[in-house]
Structures are given as C-alpha cells and as structure tokens.
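Here are the chains, one letter per residue:
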Amino acid sequence: MEEESIKIDTVIEKVLSYSPDADVEVLKRAYQFSSQAHFRQKRLEGSPYIGHPLAVASILADMKMDVSTIVAGLLHDTIEDTSTTINDIKDSFGEEIAFLVEALTKLSKMQFTTKEDAQAENFRKMLLAMSEDIRVILIKFADRLHNMKTLRHLPESKKQRIASETIEIYAPLANRLGIGWLKAELEDLGFKILMPELYSDLVRKVAKRKEEQEKYLKEVTEIIEKKMKEEHIPGTVSGRIKHYYGIYQKMKNQEITFEQVHDVLGLRIITDTKANCYAILGIIHSLWTPIPGRFKDYIGVPKSNMYQSLHTTVIGPEGERVEFQIRTSEMHMVAEHGIASHWRYKEKGAVDERSDRYISWLRELIQAQKDLVDAKDFLEAVKGEVTPEVIYVFTPRGEIKELPIGSTPIDFAYSIHTEVGNRCVGAKVNDRIVSLKYTLKNGDTVEIITSLTHWPSRDWLKVVVTQRAKSKIKQWIKTEERKQSMELGIKMLEGEIRKHDLSMSVLKSEAMQDVFKFFNIKSIDDLYASVGFGKLSAHQIINKLMPEKPAEEIPIAKIVKPPKAKRGIIIKGLDNVLYHTAKCCYPIPGDGLVGYITRGKGVTIHRKDCPNLDRIAVDDARLVDVEWKTGGDMTSPVKLFMETIDRPGILATLSAVISSVNINISHIEASSTDDKKAHITFILEVKDKHQLSGLTQKIAQLEGVIRVTR
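Residues numbered from 1 in each chain as written. Predicted model: local features only at pLDDT ≥ 70, side-chain atom pairs only at ≥ 80, totals over all residues. Heavy atoms only, no water.

1. Observations concerning the overall build of the protein chain
In terms of regular secondary structure, the protein chain is built from 26 helices and 20 strands. By residue count, 47% of the 710 residues in the protein chain fall in the buried class. Looking at the protein chain as shown, the accessible area adds up to about 37000 Å², and 51% of this sits on carbon and sulfur atoms. (Helix = DSSP H or I, 4+ residues; strand = E, 2+ residues; numbered from the N terminus. Buried < 20%, exposed > 50% of the residue type's maximum accessible area, 1.4 Å probe, protein only. Areas by Shrake-Rupley, 256 points an atom, 1.4 Å probe, with all protein chains shown as cover.)

Quick look at the structure:
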C-alpha cells in the first residue's frame, strides 16, 4: 500500500482486528491534531506531510502495538516540525504519550559543532528513553522504515548517509531486539541504496534460482510431509528465501560467488512442541546425510535476542544441499517479532520480566557508559553491543554465557561480575590453565582465578572485546588515577603551604571558597586531583589565597644561600662567598661543576656540560673550580623533561612513580601538542646523579613515555 493512500480508517480497522476494545476516539483525535499541526507542510515529492505520520501509525498497527504507541506515532514529528509544544501534547493526550513524543524529538535547541555530533547525541537521548520504555524504539523503527521506503526524493549524499546509518545501527538494533522481519527489510532497503547494481544483480539471480529449484523444493517438501504424517507429527513446511543483504554478507565474508552460496533457498518447518522439533530433526537426518558443522541447536541454547530454532543442512536428493529451520509456532512469533511479540505494559510502558531480558544489555551499557561525555563514544559502544557474532561458553556450574567472537577470559570474568573481572589473575579453560589473552571458543568451560591483591592493567584494554569489560577497566583506571592524583595533590599543597609558613587550616578557610569559584572547582577533593593531575599548580592556589604584597616587598631573587655547609658545595680558593645553582642546568651531586663569578650575585654554579656556559662565561678569569662536599642527606633541584603520548592520567602515573622512590616534586609544567603528545617538565629534589639515573630508567619503561631527558 502506498503511503499516500493510507487513511486513518485503515489504521483503526487494523487496531480493532487485534484489540476490539481499543479507544479509537483518541486515534481520531490524534489524527486531527497531527493534520492541523502539519497543515500546509509537504513532503519533498509534494504530497501532504500527514501521509508520513499515517504510514508510521499503520506500520505500528501491523506490529499490533497498543493505542498509546500508535497515537505517539501519529504525533512524533509535531514538536520538531511545527509550533506545537510538549505541553500542548501533555494537555491533549496525557503524560505517557508526551513522554514517547518527546523521546523521539531531536535535540534541535542544542548547538553542535558537527552533524555527526548532533546525530550521536540524538541517538543517545533516544536510547536512554528506550531503556525506560521500549515503545520509543519501536516507533523510531516504524519512522525509519517508512523513511527508507521514500528516500528517492532526497539528495544522493543524504540518501547514502541515512542508508549507512540504517545498516550500521538500526538493523542490528532490530536484530538485538529479536525483530527478524524488520532487520531483513531495513538491511535490504539500505543495500538497495548503497549498492544498487549489486542489489539488482542479486534480485535477478535469486529469482532465477527460485524458478529452477521450485520443483525440487516441492519434491523435498512432499517427502518430509509424508514422513511427518506417518509419525503423526503435526506441522507445516514452507519455502524460505535468505534476504539479499544476508546473501551479500555471506559472499563478502567467505569470499565466495553467488553460485557457491548453498542456503539461498531453504525450508522452514513449524510444529507444535519442542519435542516434535527434535523428532522432525531426527526424521530429516534419517532421510539424508547431515553436513558436519552445519547443525545448530538454538532451542537448547537460545540467542540473546531469544531466537529459537534448530538449523541443519543436509545432502538432499540428487546431491543438492538443503537447509532446514525447525521451530514451534511460538518460537516463530518470537523470531519474527521479538520484543514486539509479547509486550505487556504496566505504568508508563514498563516492560514485563521476559521483555526486560531483551534490553538488560542496554541498561547495563548505559550504566557503564554514564561517565562518557562524548556521545560519539557512546554510539560506538552501542554499535559494539548490537553487531557482534557470538560464541557460547560455560561457567564451571554449566551456566551459559553469550560473548562476542574474539572474547578472552577477562571478558568472561567481567560478564560474571565487576569484582571478578577486577580481581582476575588467571583462567582455566576446559581444566587447562591458559593466558588471559587466550581467545575463547564455542563450548569452552571457563573458570576464573582471582586474587584479593590483584587489580586491572591498562594492557587489558588491548585484548578485551566486550563493551562491559572495556568500560569497567577504564572506570577502575580512572578511579585509581584520581586517587593517586589526590594523594599527590595533597603532598604538593602541603609542601607549598609549609613553604609560605601558613597553617593547614587555610584549606578549610572561607578564602578557599573564592579559590574554588575562581578555578571553577566544586570540592577540596577536586582541588587535590587537579593539582595532582597537573591542571593547576600548588603555587597558583596559594598565590590566590595570599593577599598581594606591594611590589617593593617582593624579593627579586632568592640568590643568597647559606654557604657550603648546607648546600654541600666547596668553592676552591674562596671562603664564605655567596653562591647559587644555575636554573638553566640544575646541577646535582655527581655532576662535574664549574663556578662563574657574577657581579653582585656571588658565584653561579653550572654543570660543566651546561650549553649556556659558552654564552655566559665571556671572561675565563671569572671561572672558578667547584666540587661537591660529600655526606649528609641534602637534596638539590633538578629539571627533568619528558615527552609522552597525551592521554588522561599520564601526569598522575608519572607523579606516582616519582613519589614511589621518595623524590619530592617541587614544580610541574605540562602542555599538549597538535600531534597528541604531551611535554611535561618536573623540578625534583634529588640526592645525587645516581638517584636521578635510577628514576629516569623507571620512567623510560612506562607505557606512553617517548623520551625522558634533563
């Protein structure tokens, strides 16, 4: 039926056919409301816009949805495309329908930098609403299906974008929710737009094969029906054609031609009980030789979208391959309509326990991704959840876990519980100890070994494939890095406070509130973390806390240090002379030294290999011999430069390593480059060159560190 010819009476007839007591008056009111709201609006091809909401309502009626869903389908574009407000919908149709309509309205009031950002954010909003009320996505499916059927009037680039999005997101999502007919239809419509020539070629070849094999399949059907009758097993046998995109995927993935695809045509047998499904399988296998590896029992082990069937491929009469699907009528209903086949709504569209199994993965995903700021990251996470091919593995107690192909024991551990994942140290697969990087296979029995002293490693992110595992590992790393940053931030602030002879109570003073406000910080913990991460320096915080001094009181430079005893430097031939170490090279015990007499400043101590000496020391007569005085626990400042990959928490990791070897950090500077690198400079208090050398070796071995130099 063309969308232009759909009338509200047709929709009402469909609704009454499966729900005789339905409130058709509200459907009529919704139609009138939508007609007035979209008055004078036209679709691109020139037809009245109301044709689109009517077509959406008709698709929802075909899916046997409740009246509220169909009303929301009629109204779904009113807020976005007309002057109607959400309060207008609420006043006329109530909270429930207003919720559904608002969930489907794009975030047009928000400003986005790119179209992709807007699309991703709209999709996230819709999925969040879907986790509360599954009808949101069912209306969106109907909307998308009708749009895909009427894309021909759009510009080519827009058609391609919508078709790609349909195949990448909406079709896999329909599959995850068990709506088989919708997945197939969306994929074929997208395929037709993205690869029109290949699509047409497949349509022609499938039609030709069907014509050639119709007589053959009729013959096979008669043999099966006769045998079922003899065994008193009820059931119907019908032909089925694999949808075009499914055939294309098989050709592409297996790198084969159409002629090599053997299950284009097959037979589906629908019977009354599970026991009879297995009885029919026995009949088929007794008649013809089954092909090894082509039998799948999705009745004993249903797919995550609750799909159940027995699949087998046999060498039929004349050596031809024939694929069979065997299922009960209830299984067939679930296989075709999924979550839409058995919804029972309570308040505000809450789904029953059985339906909830369809979307528990989504709730889990939303929970795991709640800290993701970037909607595009969320979209990628959803794609990862809805598209993978799966394997079935077992716990030691025999419980089945469904995981994406490529999963590791770490993925399995996180599928059981977050703590099991976090504490995972090893695994046994089929009673053999394996590496945590081991790729699990169908039918493996997996036992996880845990330890209370073990925690996740950043390296795990390179091997896990499930979104749950990735999210939980990132979450743990983020929490741990914040903890380390806070500890470091506290040390750095305490050091700065002592340096200015202030009391620790200054951190709880009223003046701190002004500091929070100035730096846009919410709490003292956030302040510690910001200092530890290097976003702010302790010096900046204390400067903001202290009243400004008149210019004349600010010392120009602290160049006078108590002589040799404290700093451990002997200047040969000179006693009680003022000196200071050069800020250009920061010499430390173990370095070769040279002194340069500077007028009014005493002696400046440089490293012998300081690149600035040639420029500064113009008069050799002012150079003096200097050496370190041994002994004592004195420390000297040293500047260390690091180039790293720019990633969150790198500063906290570096700081934690430095603190772990009891070296004090007195100053940090950090900046990012355009090529995603970070340049970080630390000023550290070290005992000698030996201690510094040990530290630089440790830092050089860290993941993400490119180079470390003085």
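2. Some remarks on the pattern of salt bridges
As enumerated under the stated definition, the model contains 23 salt bridges in all. Residues Glu165 and Arg144 are paired through a salt bridge, measuring 2.6 Å at the closest nitrogen-oxygen approach. With Glu165 in helix α10 (residues 156-176) and Arg144 in helix α9 (residues 135-149), this residue pair connects regions lying 21 residues apart in the sequence. Given a relative accessible area of 15%, Glu165 falls into the buried group. Beyond isolated ion pairs, a larger network of salt bridges with shared partners links Asp66, Glu96 and Arg135. (Salt bridge = Lys/Arg side-chain N within 4 Å of Asp/Glu carboxyl O.)

3. Quick look at the packing of aromatic side chains
Throughout the structure, instances matching the rule amount to 9 aromatic pairs. A ring pair is formed by Phe191 and Tyr199, whose centres lie 5.7 Å apart and whose planes are at 80°; its orientation type is edge-to-face. You can call Phe191 buried: its relative accessible area is 0%. For Tyr199, a relative accessible area of 14% corresponds to the buried category. Ring geometry for Phe191 against Tyr248: centres 5.0 Å apart, planes inclined by 25°, an arrangement best described as stacked. Of this pair, Phe191 sits in helix α11 (residues 180-194) while Tyr248 sits in helix α13 (residues 244-254), and the two are 57 residues apart along the sequence. (Phe/Tyr/Trp six-rings, centres within 6.5 Å; stacked < 30°, edge-to-face > 60°.)

4. Describing the packing of helix α12 (residues 196-230) against helix α14 (residues 274-287)
Two elements in contact, α12 and α14, have axes whose closest approach is 11 Å; the angle formed by their N-to-C orientations is 125°. On the basis of their axis angle, the class for α12 and α14 is oblique. The handedness of the crossing between α12 and α14 is right-handed. In this structure, α12 uses Ile223, Ile224, Lys227 and Met228 to contact α14, whose residues at the interface are Ile280, Ile283, Ile284 and Leu287. When the residues that make up the contact of α12 with α14 are grouped by side-chain class, the tally is 7 nonpolar, no polar and 1 charged. (Axes fitted to C-alpha atoms, helices over the stretch in contact; angles between N-to-C directions. Parallel < 35°, antiparallel > 145°, perpendicular 65-115°, else oblique. Left-handed = near helix turned anticlockwise from the far one by under 90°. Contact = heavy atoms within 4.5 Å. Nonpolar A, V, L, I, M, F, W, Y, C, P; charged D, E, K, R; others polar.)

5. Remarks on helix α21 (residues 511-519)
Buried residues of α21: Met512, Val515, Phe516 and Phe519, and no others. The buried residues of α21 occupy an angular sector of 100° when the element is viewed end-on, so they sit on one face. Turned more than 90 degrees away from the buried face of α21 sit Asp514, Lys517 and Phe518, all of them exposed. Residue Asn520 follows α21 closely and has a positive phi angle near 55°. (Arc of directions from axis to C-beta.)

6. Here we look at the packing of helix α25 (residues 650-660) against helix α26 (residues 689-700)
For the pair α25 and α26, the least separation of the axes is 10 Å and the interaxial angle reads 145°. Between α25 and α26 lies a crossing whose hand is right-handed. Packed against α25, whose contacting residues are Leu654, Val657, Ile658 and Ser660, the element α26 presents Leu695, Lys698 and Ile699 at the interface.

7. A look at the pairing of strand β16 (residues 623-628)
Of the two faces of β16, the one holding Val624, Val626 and Trp628 is buried and the one holding Leu623, Asp625 and Glu627 is not buried anywhere. Where strand β12 (residues 569-571) meets β16, 3 bridges bridge the pair, whose relative direction is antiparallel. Looking at the pairing, Ile569 lines up with Trp628 of β16. (Pairing = 2+ DSSP bridges.)

8. Considerations on a negative patch on the surface
A cluster of acidic residues, Glu219, Glu222, Glu225, Glu318 and Glu320, forms a negative patch on the protein surface. With respect to the helices and strands, Glu219 occurs in helix α12. Of the residues examined, Glu219 reaches a relative accessible area of 33% and is grouped as partly exposed. (Patch = residues over 30% accessible without salt bridge, like charges linked within 9 Å, V, L, I, M, F, W, Y side chains within 5 Å. Lys, Arg positive; Asp, Glu negative; His and termini not counted. Charge placed at Lys NZ, Arg CZ, Asp CG, Glu CD.)

9. Notes on the sheet that holds strand β19 (residues 677-686)
A sheet is described by the order of its strands in space; here 4 strands give the open sequence β18-β19-β17-β20, paired in antiparallel fashion. Taken across any chain shown, the strands that pair with only one partner, and hence form the sheet edges, are β18 (664-672) and β20 (705-709). When strand polarity is set aside, the average angle formed by the axes of neighbouring strands in this sheet is 20°. Where β18 lies against β19, 8 bridges are found, and the strand directions are antiparallel. The residue bridging Ser672 from the neighbouring strand is Ala678, located in β19. Relative to β19, α25 is tilted by about 20°, and along the sheet it contacts β17 (636-645), β18, β19 and β20.

10. Examining the nonpolar core
In terms of nonpolar packing, the biggest core is built from 68 residues, with Val11, Ile70, Val71, Leu75, Ile137, Leu138 and Phe141 touching the most fellow members. When residues of this core are assigned to their parent elements, the largest contribution, 8 residues, is made by α9. Core analysis: the second largest hydrophobic core is formed by 43 residues, Val506, Leu527, Leu654 and Ala678 among them. (Core = buried A, V, L, I, M, F, W, Y, C linked by side-chain atoms within 4.5 Å.)

11. Remarks on a nonpolar patch on the surface
On the surface, a nonpolar cluster with roughly 250 Å² of combined accessible area is contributed by Val425, Ile433 and Ile449. With respect to the helices and strands, Val425 occurs in strand β9 (residues 424-429).

12. Thoughts on the environment of Leu75
Structurally, Leu75 can be placed in helix α4 (residues 67-75). Given a relative accessible area of 0%, Leu75 falls into the buried group. Expressed as a C-alpha distance, the spacing of Leu75 and Ser34, which sit 41 residues apart in the sequence, is 5.7 Å. When near neighbours in sequence (up to four residues on either side) are disregarded, Leu75 contacts Ala30, Phe33, Ser34, Ile89, Phe93, Ile97 and Val101.

13. Description of the confidence of the model for the protein chain
Per-residue confidence for the protein chain averages 80 on the pLDDT scale, and 83% of its residues sit at or above 70. Note that residues 344-349 has pLDDT below 50 and, in this model, 20 contacts with residues that lie over four places away or in other chains. Confidence drops under a pLDDT of 50 for residues 549-567, and excluding neighbours within four residues, the segment shows 25 contacts in the predicted structure. (pLDDT = per-residue confidence, 0-100.)

14. Digging into unusual backbone geometry
With the exception of glycine, most residues fall at negative phi, and the peptide bonds are largely trans. For Tyr586, which is not a glycine, the phi torsion comes out positive at approximately 45°. Tracing the chain through its elements places Tyr586 in the loop between β13 (579-581) and β14 (593-598). On the accessibility criterion, Tyr586 (7% relative accessible area) is buried. Unlike most non-glycine residues, Asn662 shows phi in positive territory, near 60°. Looking at where Asn662 falls in the secondary structure, it is placed in the loop between α25 and β18. For Asn662, a relative accessible area of 72% corresponds to the exposed category.

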